[in-house]
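# Architecture and fold: a report
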Amino acid sequence: MSGNSPRVQRVIDDIESRIACRTAPPGSRLPSVRAQAKALAVSASTVVEAYARLVAQGRLVSRPGAGFYVAATAVAPLKLAPQGPPRAPDLDPLWLSRQALEADPALLKPGCGWLPPDWLYQIGVRRALRGLARGNGAELADYAPPQGSAALRQVLVRRLAHSGVEAAAEQLLLTDSGTHALDLIARVFLSPGDVVLVDDPCYFNFHTLLSAHRVTLIGVPFTPQGPDLPAFEAALQAHQPKLYLTNSGLHNPTGARWSPAVAHRVLLLAEQAGLVIVEDDIFHDFELSPAPRLAAYDGLQRVIQTGSFSKTLSASVRCGYIAARPEWLQQLLEVHIATGFGGNRLAAALVLAAITDGGYARHMEQVRQRLAQRREQCLVRLAALGITPWLRPDAGMFLWCRLPHGRDAAAVARRSLEQGVVLAPGNAFSPALRAAEFMRFNVSQCDDERVFAVLRNALRAP
Ligand SMILES: Cc1ncc(COP(=O)(O)O)c(C=O)c1O
């Protein structure tokens, strides 16, 4: 056998990757030579060679008669489990999140998922900061009660009622962000190897977050009314998922809102399959009249709702929430105490002061109007480049668009980045890489004419 056999290397890479992301934890037994050969469609001698090399490197231990085991010393820092088909580095959801977060402020960012800082409620945040600096020392220095500020939870109860979700303050847990809320839920409800349904396309950090929990993601094609029902039903039967993670207010990246009929059907199917649904409602305040919420229809039985204030108030003030049935909330609370001890008391006090200061509703009204104007302008500018919307959303910041003539969005994004424009190519949102011709645009970040000039050039390039 050649020392550089690519097949042997493939087996080694496969095992190394499973060790790194802990699907093959230290001390675990590897499949027998024959089973491994069958699984990877290589010969038994290839596997024997790969195992021998890994033993020589101290990565595996051979126990005669018992098989091959991952060595206890093989523990490397945890890596995110790979998800779905292999991706080019610039379609990797983690890379994209990092790129958007690290981007030089001078870059133009029509691909990022948030409003420019001067669109957020800075005036309210400043006022709240001044008030807090003068106020009660406990807010500034003490641990928070485990479920978080009772006063903010009361305000959230009224906010949830606006979209028809009935919850008592005891059914709410404050978290450090929307992402943190989802992470807690994943800790409580998922084990490595479980299957989670997401929409295809979906918010790209869902991929990354779930990879950290070493679960398998299955994408269900998304339609302008919600998930495609036959595909949803087929996925339930084929994969027995534990959880479905979606946005049922405004959907990221498409801007779609669910129809009542789809919501009803999904809840029935979920009930039959014993599926838990997580409804991430982070764009709540962008809608004037709320679309159906799964949590409202289901009475927070098998639906858990999450949200935060990052998109409207401040992404710097980290504060989110979970609404769930009481016994689930208790489990989430225990894990929250175990892994976070006290929540962010100062952030909760700041959010409470800012969203109840009388100006926040007016601020959101202005944001909605500005977005509506920008959406129309952006649609016209995109149409001039032959870029067409998949759907014309009636709220929110996103346009999910098809590029002209089957152009590859990843290549267009790569060329645009060289010219200082950060875009969001469709396949970063698609678990099955079904969205190569799509791009998500954030209309609030598309004011600068250079965005469209750079796009025009990138689309023209061969
Ligand atoms: C759909 C969706 N959920 C959650 C988040 C993350 O929110 P947070 O900043 O509260 O962690 C985002 C941010 O872009 C998002 O688009």
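Below, the structure is looked at part by part. (Residues numbered from 1 in each chain as written. Predicted model: local features only at pLDDT ≥ 70, side-chain atom pairs only at ≥ 80, totals over all residues. Heavy atoms only, no water.)

Taken together, 13 residues sit near the ligand, with G178, T179, D280, S308 and K311 positioned nearest. Note that an oxygen atom of the ligand is positioned 2.5 Å from one of the side-chain N or O atoms of T179. K311 has a polar side-chain atom sitting 2.5 Å from an oxygen atom of the ligand. Burial of the ligand by the protein chains amounts to 94% of its free accessible area of 400 Å². Looking at the shell around the ligand residue by residue, the class counts come to 3 nonpolar, 7 polar and 3 charged. (Near = heavy atom within 4 Å. Polar contact = N/O pair within 3.5 Å; in protein donor to acceptor, adjacent residues only side chain to side chain. Areas by Shrake-Rupley, 256 points an atom, 1.4 Å probe, with all protein chains shown as cover. Nonpolar A, V, L, I, M, F, W, Y, C, P; charged D, E, K, R; others polar.)

With that settled, consider a nonpolar patch on the surface. A surface patch of nonpolar side chains, amounting to about 340 Å² of accessible area, comprises Y143, I337 and F341. The class of F341 is exposed, set by a relative accessible area of 51%. (Patch = residues over 30% accessible without salt bridge, like charges linked within 9 Å, V, L, I, M, F, W, Y side chains within 5 Å. Salt bridge = Lys/Arg side-chain N within 4 Å of Asp/Glu carboxyl O. Buried < 20%, exposed > 50% of the residue type's maximum accessible area, 1.4 Å probe, protein only.)

What follows deals with the sheet that holds strand β5 (residues 216–223). Read across the open sheet, the 8 strands follow the order β3-β10-β9-β8-β7-β4-β5-β6; overall the sheet is mixed. Each edge of the open sheet is held by one strand with a lone partner, namely β3 (172–175) and β6 (226–227). Against the sheet, helix α8 (residues 178–189) touches β3, β7 (243–246), β8 (276–280), β9 (303–308) and β10 (320–323), its axis set at about 150° to β9. (Pairing = 2+ DSSP bridges. Helix = DSSP H or I, 4+ residues; strand = E, 2+ residues; numbered from the N terminus. Contact = heavy atoms within 4.5 Å. Axes fitted to C-alpha atoms, helices over the stretch in contact; angles between N-to-C directions.)

All right, on to the packing of aromatic side chains then. Applying the stated criterion to the full structure yields 13 aromatic pairs. With a centroid separation of 5.2 Å and 80° between ring planes, the pair formed by Y203 and F206 is classed as edge-to-face. Taking the relative accessible area as the measure of exposure, F206 reaches 1% and is therefore buried. Ring geometry for W400 versus F429: centroids 5.6 Å apart, planes at 80°, classification edge-to-face. With W400 in strand β12 (residues 398–402) and F429 in the loop between β13 (424–425) and β14 (438–442), the pair connects residues that are 29 residues apart, well separated along the chain. Residue W400 shares its accessibility class with F429, and that shared class is buried. Members of the aromatic cluster, each reached through a chain of ring pairs, are Y203, F204, F206, W400, F429 and F438. Sitting over the ring of Y69, R63 keeps its end group 3.9 Å from the ring centre. When the ring centre of W119 is taken as origin, the NZ or CZ atom of R370, which lies over that ring, is 4.0 Å away. (Phe/Tyr/Trp six-rings, centres within 6.5 Å; stacked < 30°, edge-to-face > 60°. Lys NZ or Arg CZ within 6 Å of the ring centre and 35° of its normal.)

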